[in-house]
Amino acid sequence: MQEINDCFKKVKKDCFKFISSQETKKDKFKNKDKMIKFFLIPVSFWIVKKINKKKPLIIGLAGGQGSGKTTVSSILTLILKKYFKLNVFKVSIDDFYKTRKDRKSLSKNKHSLLMTRGVPGTHDIDLMLNFFKQIKDRNFKSLQIPTFNKAIDDRCRKSLWYKIKTKPDVVIFEGWCVGARPQLNSQLKKPINSLEKVYDQGAKWRTYVNNQLKTKYKTLFKQLDGFLYLKAKNFSLLREWRLKQERKLWVQTKNKKNLKIMSSGDVINFMQTYQRITQQMFKDAIKSSSVIMNLNRNHQIEKIKFKK
């Protein structure tokens, strides 16, 4: 416990500063001390124990839309850097979305719903696999990978891409579908919401997405050395949190020209594209994750379970 207390004293100021940057007047974080001290610091110690000095440790972090992945991964990164003096690189699977141009082509050739970013099939898998390959290379020099701007629904210009100059000790790879597993073909037959019922009557879209999980994404997720999962109580809560997230994006974006920020109706439709995989992950991720962080209705970690 003394180690936990020492760590908390050293990282508290930086963590609170980050949390403050994520708050708006309407949405304030509660129980910050408890989240950091009793949940995220112990997870950091767990990560450190898994480090292999010969190659970067790749930790996946998943959770439904709006569950707090960015906040949790950012605080873990702060703790690992500040207290443990590690070189940590945090990246989201979202940064590897295909460009609007590529998704437009995919929507014409495969299914119109693939224009909407999010589901497996809308990321550049080869780019991600190359990223993991390069950071493991003994002769690593430097690397650039894309950043994605959700406000314009496209990649940032190259001058704003991430620049990795030294090999990381730890990579935190976060995303809503990180670690997702495919469903059985029989599970795909029945639509689970109005979007699937109206726009995917022949199950072509969901079958394509599911096949991506069976193949390319399975190869991608095998790269993970550990898997953290933020578990919400149900999908309705995630929808509520995601609506808050979009409002926050509007408040925090200074240049409001040509934005692709969504209305409440757009968010609800958008969430329907995520629903099938998210609900399946409620079942699968509990079995496959190394650490489960259970979230209460107030968007706070209430319990944590270390499995392996």
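Here's what I pulled together on the structure shown here. (Residues numbered from 1 in each chain as written. Predicted model: local features only at pLDDT ≥ 70, side-chain atom pairs only at ≥ 80, totals over all residues. Heavy atoms only, no water.)

## Quick notes on the overall build of the protein
Stage number 1. Counting its regular elements, the protein contains 11 helices and 10 strands.
Stage number 2. Scored against the burial criterion, the 308 residues of the protein give a buried share of 53%.
Stage number 3. Pairs at least 24 apart in sequence give 75% of the contacts found in the protein among residues at least 6 apart.
Stage number 4. Of the roughly 16,000 Å² that the protein leaves accessible, carbon and sulfur atoms contribute 49%.
Stage number 5. On the protein, the mean spot of the 70 positive side-chain charges and the mean spot of the 24 negative ones are 1 Å from each other. (Helix = DSSP H or I, 4+ residues; strand = E, 2+ residues; numbered from the N terminus. Buried < 20%, exposed > 50% of the residue type's maximum accessible area, 1.4 Å probe, protein only. Contact = heavy atoms within 4.5 Å. Areas by Shrake-Rupley, 256 points an atom, 1.4 Å probe, with all protein chains shown as cover. Lys, Arg positive; Asp, Glu negative; His and termini not counted. Charge placed at Lys NZ, Arg CZ, Asp CG, Glu CD.)

## So, the sheet that holds strand β8 (residues 226–231)
Stage number 1. What the six strands build is an open sheet, ordered β2-β7-β1-β8-β9-β10; its pairing is mixed. Strands at the two margins of the open sheet, each flanked by one partner only, are β2 (88–92) and β10 (301–306). Strand after strand, the sheet turns through a mean of 15° between neighbouring axes, direction not considered.
Stage number 2. Bridge count between β2 and strand β7 (residues 170–174): five bridges; the pairing is parallel. Bridge assignment links K90 to a residue of β7, and that residue is I172. (Pairing = 2+ DSSP bridges. Axes fitted to C-alpha atoms, helices over the stretch in contact; angles between N-to-C directions.)

## Examining helix α2 (residues 32–49)
Stage number 1. Over its 18 residues, α2 extends 25 Å from the first C-alpha to the last, a length consistent with the 26 Å expected when each residue adds 1.5 Å.
Stage number 2. Maximal helix bending in α2 amounts to about 35°, located at L40; proline P42 follows within four positions.
Stage number 3. For α2, the full list of buried residues reads M35, I36, F39, L40, I41, P42, V43, S44, F45, W46 and I47. (Expected span 1.5 Å × (residues − 1). Bend = angle between axes of the 7 residues up to and from the residue.)

## Re the pairing of strand β9 (residues 291–295)
Stage number 1. Burial within β9 is extensive, with five of its five residues counted as buried.
Stage number 2. On β9, burial covers both faces: V291, M293 and L295 on one face and I292 and N294 on the other are all buried.
Stage number 3. As paired strands, β9 and β10 are joined by five bridges and run antiparallel to one another. Counted as the bridge partner of V291 is F306 from β10.

## Points about the environment of V48
Stage number 1. Residue placement: V48 occurs in helix α2.
Stage number 2. For V48, a relative accessible area of 26% gives the class partly exposed.
Stage number 3. Sequence separation between V48 and L80 is 32 residues; the distance between their C-alpha atoms is 8.0 Å.
Stage number 4. Sequence-distant contacts of V48, that is, excluding residues within four places in its chain, are made with L80, F84 and L86.

## Here we look at the side chain of S44
Stage number 1. Positionally, S44 belongs in helix α2.
Stage number 2. Among the residues examined, S44 registers a relative accessible area of 0% and is labelled buried.
Stage number 3. Among the polar contacts listed, one links the side chain of S44 to the backbone oxygen of L40, at a separation of 2.9 Å.
Stage number 4. In contact with S44, not counting residues within four places along its chain, are L76, I79, L80 and F84. (Polar contact = N/O pair within 3.5 Å; in protein donor to acceptor, adjacent residues only side chain to side chain.)

## A word on the packing of helix α1 (residues 2–22) against α2
Stage number 1. Viewed as axis vectors pointing N to C, α1 and α2 meet at an angle of 115°, and their least axial separation amounts to 10 Å. Crossing hand, α1 versus α2: right-handed. Two secondary-structure elements touch here, α1 through E3, I4, N5, C7, F8, V11, K12, C15, F16 and I19 and α2 through K32, D33, M35, I36, K37, I41, P42 and F45.
Stage number 2. For the contact of α1 with α2, a count of residues per class yields 12 nonpolar, one polar and five charged. (Left-handed = near helix turned anticlockwise from the far one by under 90°. Nonpolar A, V, L, I, M, F, W, Y, C, P; charged D, E, K, R; others polar.)

## Re unusual backbone geometry
Stage number 1. One non-glycine residue, K85, lies in positive phi territory at about 60°.
Stage number 2. Turning to its location among the elements, K85 is positioned in the loop between α3 (69–82) and β2.
Stage number 3. By relative accessible area, which is 66% here, K85 ends up exposed.

Fair warning: the whole summary comes from geometry, so function is off the table for now.
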